[in-house]
Amino acid sequence: MKICIFGAASNRIDKVYIESVESFSKELAQRGHSLVFGAGKDGVMGAAARGFTEGKGKLYGVIPKFFNDFDIEVKYDKCTELIFTENMRERKAKMEELADAFLIAPGGIGTFEEFFEVLTLKQLGRHSKPIAVYNVNGYYDEMYTMLDMTIKQGFLNEECRDIFFMSDDREKLVYYLENEHDTPYTIYDLKK
């Protein structure tokens, strides 16, 4: 399965995030999975790439052409396939198209946006791919609390909590990614 990993592109973060994503990515590659990612060599994104390389997995990097022009991100140089897009929207769309599942690793505003886009698309019935949130060091606890508050305030249906899975337990995350089945909910259940 091709697993799209969204995560930070910065090396300024605590090494616990980088090390945990790198070792988890190696495990995923050793289980026969491939990586779809933003093609960067730094931060959590680079950690995922190094882990998949070490685990002998295939890597599909997707990056906008303008990143080359402005030297925004250094590309990971061991991609099995490197795909260039015109802009960020095309990049995200290509990653979503290639992926069989999504793993949200710790990241910043770009990662949040990527998570909420694939979550919204699933809520709207545009895909039924598993979405797992790797909650390293409790990083996403507050986001989960925020989503809980949106449910309590009536901005989000409670069923939406069931269309993604969050954990820091790798075995549970792997089980979810490899065994997730279609949601029992329809678009009407999730948007009523």
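What you see is a predicted model; the values in this text were computed from it and never measured.

### Some remarks on the pairing of strand 1 (residues 2-6)
1) Next: In terms of residue burial, strand 1 counts as a mostly covered element, since four of its five residues are buried.
2) Next: Bridge count for strand 1 against strand 2 (residues 34-37) is three bridges, and the pairing is parallel. From the neighbouring strand, Lys2 faces strand 2, where its bridge partner is Ser34.
3) Next: Running through helix 1 (residues 15-30), the crossover from strand 1 to the neighbouring parallel element strand 2 is right-handed.
4) Next: Of the strand pairs in this sheet, strand 1 and strand 5 (residues 101-104) are connected by four bridges, and their pairing is parallel. Pairing of Ile3 across the sheet is with Ala101, part of strand 5.

### Concerning the packing of helix 1 against helix 2 (residues 43-54)
1) Next: At a closest axis distance of 7 Å, the pairing of helix 1 and helix 2 adopts a crossing angle of 35 degrees. Seen from above, helix 1 lies across helix 2 with right-handed handedness. From helix 1, Tyr17, Ile18, Val21, Glu22, Ser25, Lys26, Leu28 and Ala29 reach across to helix 2, where they touch Gly43, Val44, Ala47, Ala48, Arg50, Gly51, Phe52 and Glu54.
2) Next: Taken together, the residues that form the contact of helix 1 with helix 2 break down as nine nonpolar, three polar and four charged.

### Quick notes on the packing of aromatic side chains
Any aromatic ring pair is given by two values, namely how distant the centres are and how the planes are angled relative to each other.
1) Next: Within the structure shown, the criterion is met by eleven aromatic pairs.
2) Next: Centroid distance Tyr17 to Tyr139: 5.6 Å. Interplanar angle 70 degrees. Geometry classified as edge-to-face. Taken together, the residues span a long stretch of sequence, with Tyr17 in helix 1 and Tyr139 in the loop between strand 6 (131-134) and helix 6 (141-152) at a distance of 122 residues.
3) Next: Given the relative accessible area of 13%, Tyr17 is considered buried.
4) Next: Take Tyr139: its relative accessible area is 32%, and that puts it in the partly exposed class.
5) Next: Centroid distance Tyr144 to Phe164: 6.3 Å. Interplanar angle 65 degrees. Geometry classified as edge-to-face.

### Some thoughts on the pairing of strand 5
1) Next: The side-chain alternation of strand 5 yields two buried faces, one formed by Ala101 and Leu103 and the other by Phe102 and Ile104.
2) Next: Relative to strand 6, strand 5 runs parallel, the two being bridged by three bridges. Opposite Ile104, over in strand 6, you have Val133 as the bridge partner.
3) Next: Remark: the strand 5/helix 5 (residues 109-123)/strand 6 crossover connection has right-handed handedness.

Parameters and conventions
Residues numbered from 1 in each chain as written. Predicted model: local features only at pLDDT ≥ 70, side-chain atom pairs only at ≥ 80, totals over all residues. Heavy atoms only, no water. Buried < 20%, exposed > 50% of the residue type's maximum accessible area, 1.4 Å probe, protein only. Helix = DSSP H or I, 4+ residues; strand = E, 2+ residues; numbered from the N terminus. Pairing = 2+ DSSP bridges. Right-handed = clockwise from strand over helix to strand, strands pointing away. Axes fitted to C-alpha atoms, helices over the stretch in contact; angles between N-to-C directions. Left-handed = near helix turned anticlockwise from the far one by under 90°. Contact = heavy atoms within 4.5 Å. Nonpolar A, V, L, I, M, F, W, Y, C, P; charged D, E, K, R; others polar. Phe/Tyr/Trp six-rings, centres within 6.5 Å; stacked < 30°, edge-to-face > 60°.

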